[in-house]
Amino acid sequence: MVVTRFAPSPTGYLHIGGLRTALFSYLWAKKNGGKFVLRIEDTDKARNSQEATDAILKAFQWLGLKHDGEITYQSNRDKIYAKHIKQLLDEGKAYKCYMSKEELTELRETQMANKQRTKYDGKYRDFDGTPPEGVDPVIRIKAPLTGEIIVKDGVKGDVSFQAEDILDDFVIARADGAPTYNFVVAIDDHLMGINEVIRGDDHLSNTPKQIIVYDALGWDLPMFNHVPMIHNSAGKKLSKRDGATDVMAYKEMGYTPAALLNFLVRLGWSHGDQEIFSMDEMIELFNPKDINKSASIYNTEKLDWLNAHYIKNSSNNELAQLLIQYDLVLTSHDKKEILLDAIKERAKTLKEMAELAKEILATPSSYDEKAVKKAFKGDAIAVINAFGAKLSTCEELHLPSDYHHIMESVVNEMEIGFGKIGQPLRVALLGKMGGPGLDVVMAVIGKEETMLRVANVITANS
Ligand code: GLU
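Residues numbered from 1 in each chain as written. Predicted model: local features only at pLDDT ≥ 70, side-chain atom pairs only at ≥ 80, totals over all residues. Heavy atoms only, no water.

Visitor: Go over the pattern of salt bridges with me, naming the residues and quoting the values.
Guide: The final tally for this structure, using the stated rule, is 23 salt bridges. For Lys 344, the salt bridge goes to Asp 341, with nearest N and O atoms at 3.9 Å. Classification of Lys 344 as buried rests on a relative accessible area of 9%. Since its relative accessible area comes to 42%, Asp 341 is described here as partly exposed. Through salt bridges with shared partners, a single network forms among Arg 5, Arg 39, Glu 41, Arg 77, Asp 188 and Asp 189. (Salt bridge = Lys/Arg side-chain N within 4 Å of Asp/Glu carboxyl O. Buried < 20%, exposed > 50% of the residue type's maximum accessible area, 1.4 Å probe, protein only.)

Visitor: Lay out the site of the ligand with the relevant residues and their values.
Guide: Taken together, Arg 5, Ala 7, Pro 8, Ser 9, Glu 41, Tyr 181, Val 185, Arg 199 and His 203 make up the full set of residues near the ligand. Side-chain polar atom of Arg 5 to an oxygen atom of the ligand: 2.6 Å apart, as the coordinates give it. Note that a nitrogen atom of the ligand is positioned 2.5 Å from one of the side-chain N or O atoms of Glu 41. Burial of the ligand by the protein amounts to 79% of the accessible area it has alone, namely 290 Å². (Near = heavy atom within 4 Å. Polar contact = N/O pair within 3.5 Å; in protein donor to acceptor, adjacent residues only side chain to side chain. Areas by Shrake-Rupley, 256 points an atom, 1.4 Å probe, with all protein chains shown as cover.)

Visitor: An account of the packing of aromatic side chains is needed here, citing residue identities and associated values.
Guide: In total, this model carries 11 aromatic pairs according to the counting rule given. Between Tyr 124 and Phe 127, the ring centres sit 4.8 Å apart and the planes meet at 65°, which makes this aromatic pair edge-to-face. Look at Tyr 124 and you get buried, because its relative accessible area is 4%. With a centroid separation of 5.3 Å and 90° between ring planes, the pair formed by Phe 263 and Tyr 298 is classed as edge-to-face. Here Phe 263, found in helix α9 (residues 257-265), pairs with Tyr 298, found in the loop between β12 (296-297) and α11 (300-312); they are 35 residues apart in sequence, far enough to count as distant. (Phe/Tyr/Trp six-rings, centres within 6.5 Å; stacked < 30°, edge-to-face > 60°. Helix = DSSP H or I, 4+ residues; strand = E, 2+ residues; numbered from the N terminus.)

Visitor: Quick one: what's the story with the side chain of Thr 53, residue by residue and with numbers?
Guide: Structurally, the position occupied by Thr 53 is in helix α2 (residues 50-63). Among the residues examined, Thr 53 registers a relative accessible area of 3% and is labelled buried. Excluding its chain neighbours within four sequence positions, the residues that come into contact with Thr 53 are Pro 10, Ile 40 and Tyr 73. (Contact = heavy atoms within 4.5 Å.)

Visitor: I'd like a description of the sheet that holds strand β8 (residues 171-173), backed by residues and values.
Guide: Spatially, 3 strands are ordered β4-β5-β8 in an open sheet, and the strand pairing comes out antiparallel. The outermost strands of the open sheet, each flanked by one partner alone, are β4 (94-97) and β8. Within the sheet, the average angular offset between the axes of one strand and its neighbour, ignoring direction, is 45°. Direction of pairing for strand β5 (residues 138-141) relative to β8: antiparallel, over a ladder of 2 bridges. Considered in β8, the bridge of Ile 139 is made with Ala 173. (Pairing = 2+ DSSP bridges. Axes fitted to C-alpha atoms, helices over the stretch in contact; angles between N-to-C directions.)

Visitor: Give me the lowdown on the pairing of strand β7 (residues 157-162), citing residues and values where you can.
Guide: Pairing of strand β6 (residues 148-153) with β7 involves 6 bridges; the strand directions are antiparallel. Bridging from a neighbouring strand, Val 151 pairs with Val 159 of β7. Taking the residues that link successive antiparallel strands as the turn, the β6-β7 hairpin has 3 residues.

Visitor: Please provide a residue-by-residue account of the sheet that holds strand β2 (residues 35-40), values included.
Guide: With parallel pairing, the 3 strands of this open sheet are ordered in space as β1-β2-β3. Every interior strand has two partners, whereas the edge strands, β1 (3-6) and β3 (72-73), have only one. Of the strand pairs in this sheet, β2 and β3 are connected by 2 bridges, and their pairing is parallel. Bridged to Ile 40 within β3 is Tyr 73.

Visitor: Explain the side chain of Glu 196 residue by residue, including any values.
Guide: Checked against the element boundaries, Glu 196 lands in strand β9 (residues 196-200). As a buried residue without a salt bridge, Glu 196 has its nearest oppositely charged side chain in Arg 5, at a separation of 11 Å. Polar contacts involving the side chain of Glu 196 include one to the side chain of Trp 28, which spans 3.3 Å. (Lys, Arg positive; Asp, Glu negative; His and termini not counted.)

Visitor: So what's going on with the packing of helix α17 (residues 400-414) against helix α19 (residues 438-461)? Residues and values would help.
Guide: Across the interface, α17 lies against α19 with an axial gap of 8 Å and an inter-helix angle of 85°. Relative to α19, the element α17 lies roughly perpendicular. Contacts between α17 and α19 pair Pro 400, Tyr 403, His 404 and Met 407 from the former with Leu 438, Asp 439, Val 440, Met 442, Ala 443, Gly 446, Lys 447 and Thr 450 from the latter. Of the residues in the contact of α17 with α19, the class split is 7 nonpolar, 3 polar and 2 charged. (Parallel < 35°, antiparallel > 145°, perpendicular 65-115°, else oblique. Nonpolar A, V, L, I, M, F, W, Y, C, P; charged D, E, K, R; others polar.)

Visitor: Tell me about unusual backbone geometry, and please be specific about residues and values.
Guide: Unlike most non-glycine residues, Asp 327 shows phi in positive territory, near 60°. Structurally, the position occupied by Asp 327 is in the loop between α12 (316-323) and α13 (336-343). Accessibility expressed as a relative area gives 64% for Asp 327, which makes it exposed.

Here it is, written out as structure tokens:
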């Protein structure tokens, strides 16, 4: 069974790059009928917070990504890590190193002065003398001194690391006993049964260290898939300056979960030239072997395009549900269908949609000056008065076409162009120029509200 994981360090919000690897891991597990588990890497007490963990969970909930089983918290697993450290010490695969800070600094400076790679020199690797007093030892693992470690990567192929060039006996537990990052990741991935690791390629250089831990404990390696980073259009790593990196900011901006997930799956993965993927399709088609080998480029226009697509193709009931988050409750509005049909073609985001709808539903409290100047020339008041009078005599007004007929008959009776009624009526209904068709607006707000808005504009401009 395929078991994948997402293993965020809870230091802030959920980053969209993190969400992308979480999505890839989720899809691969689901495709294989496997499990996608969540591990919170909260060992850095100074930088981790409960709010950050909550933010990650909230983002998952918004996007409908469900992890399987209980969440694993590294902060609860001290005993497990201690047990494995002891095992490695007992087997002579790790050792206590008593080098003081000063000694280490001196070593580093000498190496730098000699233009050598800075690394631990193995002083205590085979030490069997009396340890110096007053130094709490760190625990180091015995790394291979020569040869190579090959990371068999599903995305990058075989990546070879030369022991002499990059490895040394790295610390697996600090002087206070706290285990280090590369050690706990390997322990947890093994004990949690993770057999496919999908993560950002910023972790590739950690992988040989994790492999040393697996080897020391005699464990099989998982399959590694290191995903190239997301870049901005200038080819640099995505940063806050390029737009939002916090997943929840996308919710605030009015993106739908479907659009954001579709956008992210295409950042670094492709299936022919297909752009639109439902969740079911993503699950069916995703395979880490199709992850691109080079960095992907973040493109806001693409996200907007996808979002408009999902908005346009959502049912009005779905949209009404999604719009609740933007303070717009239309779920039981009797003209919901007419309203949403009209505005879902016009909006790029749910936020824009909510704003458009609110503009239609609220009685204008003021009028745009320029629009008034333009619309209320000549006999505009007389025209709109005539419209109001005709409207008051009509019954059974439901559809936009019902209102359109009234406008038409006023225009015909007064022998004027459509603009002569359209402009003042638009100011009456919306307080400004622009916006959706007036017949739609009136059908949504109904006869009484239309009459009120007409009366208001006449009072304000006569
Ligand atoms: N906790 C690490 C991070 O947030 C990820 C570890 C991993 O995926 O192996 O960058």
